[in-house]
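Residue strings, one per chain:
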Amino acid sequence: MAKIKTYKIITFGCQMNERDSETIAGLLSEMGFRENPDRDSADILIINTCSVRENADSRFFGTLGQMKRVKNSRPDFIVGLCGCMMQQQHVVDAIKEKYPWVDIVFGTHNLHELPELITSVISEKRKRIEVIPCGEGIVEGLPSKRLHQFKAFVNIMYGCDNFCTYCIVPFTRGRERSRYPERILSEVRALAADGVKEITLLGQNVNSYKGADGAGFPELIRRLNGIEGIERIRFMTSHPKDLSDELIGAFSECGKLCRHIHLPVQSGSDSVLMRMNRNYTKADYMKLVGKLRESSPLISITTDIIVGFPGETDEDFEETLSLAREVEFDSAFTFLYSIRKGTPAERFGDQVPEGVKHERFNRLVGVLNGISLKKNKAYEGRVEKILVEGQSKTDKKTYSGRTDTFKLVNFKSTEVHSGESVDVRITGSGTFSLVGEADQ
Ligand code: 5AD
Ligand code: SF4
């Protein structure tokens, strides 16, 4: 009997990549491969790359370098690379030159070609580099092997048209295109039938979703809200310039829409925002925050902030600190600006020295952590509905899950199961999570 071949996928980057890796896993499973947690003994390794910041690049090259040893000892070992980095010609050129032992390179627009690429590598023993420069269509109906049993990512649109001056995504993921609403609805119905309780709608800018029948994003949420079995609806990411009153209203109107919005602000300085091509001001952002809290008083607001964008002065940075204090973000992802080849900001003068960037970064993180701690403390004494995600490995009586506001809660309980909703009394808080006890 032929030995069953195995695969391992390593994923860098955002939820879009995680979702793509689920599709890759689905395609490989259909081909008869079985998942293998150990990359060194798998028959095929796929590395799904991210190019949004420089540290993701370097982590990828580190991992790739280690694979040469495995390839030398097992020449039949297949190494495939995909994801955003592969959409950049200079990266593909570097792979060809420095890593000629890589077997397959494909991009974000042709995942569906993977089975054919693998077959030709195995049967014809030839290397395949197939990247489609910029995607326009959407390939539907691909299989998927989900990462989680009770929650699922659902793509509603692909690509981005915003061209923020620091960002590589519009070049690697192509122009905005929305899926047909009916396809999304039937995918979610099927997920509900399969036991999924929570869905996260994915898109680089979900607010500009436009269904072929004219349905916008709030209408899509209203339709999804009616699907039986689904208990929670989340989405990411929203661009402040497109956050409509209708969507803000959906937080009070649609019972399943979780009271959490990830609304990247990037900077609190109007002049930096302008040079980033963000198309809103600090005052516009504050107005949105006011409206969100009016529509849904307990909504949690999280964000992304870039420190050290070219030309950022001390005064600009103070504006970011003051915005963070005014908004009181529940939490934030903070990034040191990193130059991305081919983006407009690559050519901006006035790059901020590394030392200054780090000093500002540390100050910002200090302020943000203080705010997170204060926000989390306010949960103490409340009873929150938690969707159970897992059990602690070391203490079997401790479980974890999230509030609808996306707070991570570790709680004590008698036996509960993943996917169940339980009432938990919050008894303590930290910067990044809450602790509690299930109300028996
Ligand atoms: N440098 C630093 N951070 C970046 N991001 C995107 N591009 C860059 C860059 N060149 C951050 C933004 C975005 C998040 C996903 O990554 O904050 O919202
Ligand atoms: Fe990048 Fe801006 Fe598009 Fe977000 S909205 S993916 S930051 S270009």
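Residues numbered from 1 in each chain as written. Chains lettered and ligands numbered in written order. Predicted model: local features only at pLDDT ≥ 70, side-chain atom pairs only at ≥ 80, totals over all residues. Heavy atoms only, no water.

Undergrad: How should I be thinking about the overall build of the protein chain in this particular structure?
TA: The helix and strand tally for the protein chain stands at twelve helices and 19 strands. Taken over C-alpha atoms, the radius of gyration comes to 23 Å for the protein chain, in line with the 22 Å a tight globule of 440 residues would show. Counting the 440 residues in the protein chain, one finds 52% classified as buried. Pairs at least 24 residues apart make up 74% of the contacts formed inside the protein chain by residues separated by at least 6 positions. About 19500 Å² of surface is accessible on the protein chain, with carbon and sulfur atoms providing 52% of the total. Considering the protein chain, the positive charge centre built from 61 side chains and the negative charge centre built from 61 side chains are found 4 Å apart. (Helix = DSSP H or I, 4+ residues; strand = E, 2+ residues; numbered from the N terminus. Rg over C-alpha atoms; globule rule 2.2 N^0.38 Å. Buried < 20%, exposed > 50% of the residue type's maximum accessible area, 1.4 Å probe, protein only. Contact = heavy atoms within 4.5 Å. Areas by Shrake-Rupley, 256 points an atom, 1.4 Å probe, with all protein chains shown as cover. Lys, Arg positive; Asp, Glu negative; His and termini not counted. Charge placed at Lys NZ, Arg CZ, Asp CG, Glu CD.)

Undergrad: I would appreciate a short explanation of helix α2 (residues 54-73) in the present structure.
TA: Helical geometry note: an α-helix holds 3.6 residues per turn, so side chains three or four residues apart project in the same direction. When the terminal C-alpha atoms of α2 are compared, their 31 Å separation across 20 residues agrees well with the 28 Å that a helix rising 1.5 Å per residue should span. Buried within α2 are the following residues: Ala56, Asp57, Phe60, Thr63, Leu64, Met67, Val70 and Lys71. The inward-facing, buried residues of α2 contact β1 (6-11), β3 (44-49), β4 (78-83) and α3 (89-98). (Expected span 1.5 Å × (residues − 1).)

Undergrad: Looking at this structure, how should I read unusual backbone geometry?
TA: Among all residues except glycine, the phi angle is most often negative; among peptide bonds, the trans geometry is most common. A cis amide bond links Met236 with the next residue in sequence, Thr237, at an omega value of 5 degrees. The phi angle at Asp350 is positive, at roughly 65 degrees, despite the residue not being glycine. Following the sequence through the fold, Asp350 ends up in the loop between β14 (331-336) and α12 (354-377). With a phi angle near 75 degrees, Phe406 is a residue other than glycine that sits in the positive phi range. Looking at the element boundaries, Phe406 is found in the loop between β16 (398-402) and β17 (408-412). Residue Phe406 is classed as partly exposed on the basis of its relative accessible area of 36%.

Undergrad: What's the story with the site of ligand 2 in this structure? I'm lost.
TA: All residues in the neighbourhood of ligand 2 are listed as Cys160, Asn162, Phe163, Cys164, Tyr166, Cys167, Val169, Pro170, Gln204, His239 and Arg278. Tallied by class, the residues present in the shell around ligand 2 amount to seven nonpolar, three polar and one charged. (Near = heavy atom within 4 Å. Nonpolar A, V, L, I, M, F, W, Y, C, P; charged D, E, K, R; others polar.)

Undergrad: Where do I start with the sheet that holds strand β7 (residues 151-155) in this structure?
TA: The pairing of strands in a sheet happens through backbone hydrogen bonds and is either parallel or antiparallel. What the three strands build is an open sheet, ordered β7-β10-β11; its pairing is parallel. Two strands close off the open sheet at either side, each with one partner strand: β7 and β11 (232-236). If you compare each strand with its neighbour and ignore which way they point, the axes differ by 25 degrees on average. Packed onto the sheet, helix α6 (residues 181-193) meets β7 and β10 (198-202) and runs at close to 170 degrees relative to β7. (Pairing = 2+ DSSP bridges. Axes fitted to C-alpha atoms, helices over the stretch in contact; angles between N-to-C directions.)

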